[in-house]
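Spelled out from the first residue to the last, the chains are:
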Amino acid sequence: MYDIIIIGGGAAGMSAAIYASRGGMKTLVIEKIAYGGQALKTPEIDNYPGFYGAPSGEELSAAMKKHAEKFGAEFTSENVKSVEVGAGGVKIVKTRKNEYTARVIIFACGAKPKTLGVDGEERFTGAGVSYCAFCDGAFFKGKDVVVIGGGNTAFEDALYLANFCNNVFILNRSKRFRAQNILVEKAKANPKITIYTDMVTEKIDGETTVERVYSKNTATGERGFIKADGVFVAIGVEPESALAKACGVETCGLGFIKTNMYLRTNIEGIYAAGDVRVTPLRQVVTAASDGAVAAASAINYLNGTE
């Protein structure tokens, strides 16, 4: 029996592990792939406070794991198959080989960006292809970039990138935008931003980094390319919330876990932290903050002081 089981080993999960184990709780972190989550794909993280030397996502993740281990947190690499709430509120976590029990569960499973699935996308991820303008935009100061998408995130990204990029090209697959009209109008009024509609991306190309983005106009059939140093894919993210939903945790229409300000879900003794929950910003620093809040709330719950 553990006090707290954390499902997910990204920044939120490891931050929660640090606070939980440091708070004297017997803590287990279960991660199915690799500790660090989406951060592992980031070659440089230059917006995490105090780390102005821009560590890689792998380096920062390794440091977080080591920090949690210092306080006694346990780690296991397994794929969780189910989470159940048993008698007396005991949480039962089943993997393919093992079964664990805990008084509290923290879901820190993260979210994954939706991908285009085009040639060159995977090859240049981290070498010009990004899914987070706020994370990687500063690397493209004075350069030309393409933003793919037509929702609020795409237009917010384009407006943000226009602050320091030379040119920003928005490619949207139709003439209609899902973004709020005010964002569309701001983008249209910005001399650095060019909007192309009815454009479907077909290929991302270059030598060692991104150099060109090939697309097709679905209305005319015309094909061409844009010279660009970076591509920001902004077509949405998918939360890894299936396990939580299966045990009755409430989610929003997009599948993100709903929490209160203490990151407690609708089920007693179950919390959520990081990208998997409803949140206005998905960054390493906000995920780490969530992990701290969730763990502190869980400790108060276990101590009867919540």
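Residues numbered from 1 in each chain as written. Predicted model: local features only at pLDDT ≥ 70, side-chain atom pairs only at ≥ 80, totals over all residues. Heavy atoms only, no water.

J.: Just to check I follow, could you spell out helix H2 (residues 57-70) for this structure?
T.: Three or four residues apart is the spacing at which side chains of an α-helix point the same way, because the helix has 3.6 residues per turn. With 14 residues, H2 extends 20 Å between its outermost C-alpha atoms, agreeing within 8% with the 20 Å of an ideal straight helix rising 1.5 Å per residue. Among all positions of H2, only Gly57, Leu60, Ser61, Met64 and Ala68 are buried. Projected down its long axis, H2 shows its buried positions confined to an angular sector of 100 degrees, all on one face. When the buried face of H2 is taken as reference, the exposed residues oriented beyond 90 degrees from it are Glu58, Glu59, Lys66 and Lys70. Along its buried surface, H2 packs onto helix H1 (11-22), strand E3 (74-77) and helix H7 (284-302). One or two steps after H2, the chain reaches Gly72, where phi turns positive at roughly 100 degrees. (Helix = DSSP H or I, 4+ residues; strand = E, 2+ residues; numbered from the N terminus. Expected span 1.5 Å × (residues − 1). Buried < 20%, exposed > 50% of the residue type's maximum accessible area, 1.4 Å probe, protein only. Arc of directions from axis to C-beta. Contact = heavy atoms within 4.5 Å.)

J.: Please explain the sheet that holds strand E12 (residues 199-206) as it appears in this structure.
T.: Ordered in space as E12-E13-E14, the 3 strands form an open sheet in which the pairing is antiparallel. In the strand order of this sheet, the two ends are held by E12 and strand E14 (223-227), each with one partner. Recorded for the sheet is a direction-independent mean angle of 25 degrees between the axes of neighbouring strands. The sheet contact formed by E12 and strand E13 (residues 210-217) spans 7 bridges and is antiparallel. Counted as the bridge partner of Val200 is Lys216 from E13. (Pairing = 2+ DSSP bridges. Axes fitted to C-alpha atoms, helices over the stretch in contact; angles between N-to-C directions.)

J.: What's the story with the state of the cysteines in this structure? I'm lost.
T.: By definition, a disulfide is the covalent link that joins the sulfur atoms of two cysteine residues. Applying the stated criterion across every chain, the model contains 1 disulfide. Of the cysteine sulfurs around Cys165, a residue in no disulfide, the closest is that of Cys132, at 13 Å. The thiol of Cys252 is not disulfide-bonded; the next cysteine sulfur, from Cys109, is found 15 Å away. Using a relative accessible area of 22% as the deciding quantity, one classes Cys252 as partly exposed. (Disulfide = S-S within 2.5 Å.)

J.: What am I meant to see in the environment of Ser241 here?
T.: Following the sequence through the fold, Ser241 ends up in the loop between strand E16 (237-239) and helix H6 (242-246). Spatially, the C-alpha atoms of Ser241 and Gly57 are 23 Å apart, while their sequence positions differ by 184 residues. When neighbours within four sequence positions are excluded, Ser241 is seen to be in contact with Thr251, Gly255, Ile257 and Val276.

J.: Got a minute to help me understand the side chain of Asp205 in this structure?
T.: With respect to the helices and strands, the residue Asp205 is situated in strand E12. Excluding residues that lie within four positions of it along the chain, Asp205 makes contacts with Arg123, Phe124, Val210, Glu211, Arg212 and Tyr214.

J.: I tried to follow the pattern of salt bridges on my own but got confused; where do I start?
T.: Applying the stated criterion across every chain yields a total of 9 salt bridges. Its salt-bridge partner being Lys65, residue Glu69 comes within 2.7 Å of it at the nearest N-O pair. With Glu69 and Lys65 both in helix H2, this residue pair falls 4 residues apart, about one helical turn. Judged by relative accessible area, Glu69 falls into the partly exposed class, the value being 39%. (Salt bridge = Lys/Arg side-chain N within 4 Å of Asp/Glu carboxyl O.)

J.: Sorry, what's going on with the nonpolar core here?
T.: The nonpolar side chains of a soluble globular protein tend to be buried with one another. Of all hydrophobic cores here, the largest spans 33 residues; its most connected members are Ile4, Ile6, Phe75, Val104 and Ile106. Of all the secondary structure elements, the ones that give two or more residues to this core are strand E1 (2-7), H1, H2, strand E6 (99-107) and H7. In contact with Ile4, other than residues within four places in its own chain, are Ala20, Met25, Lys26, Thr27, Leu28, Ala102, Val104, Ile106, Ala298 and Leu302. (Core = buried A, V, L, I, M, F, W, Y, C linked by side-chain atoms within 4.5 Å.)

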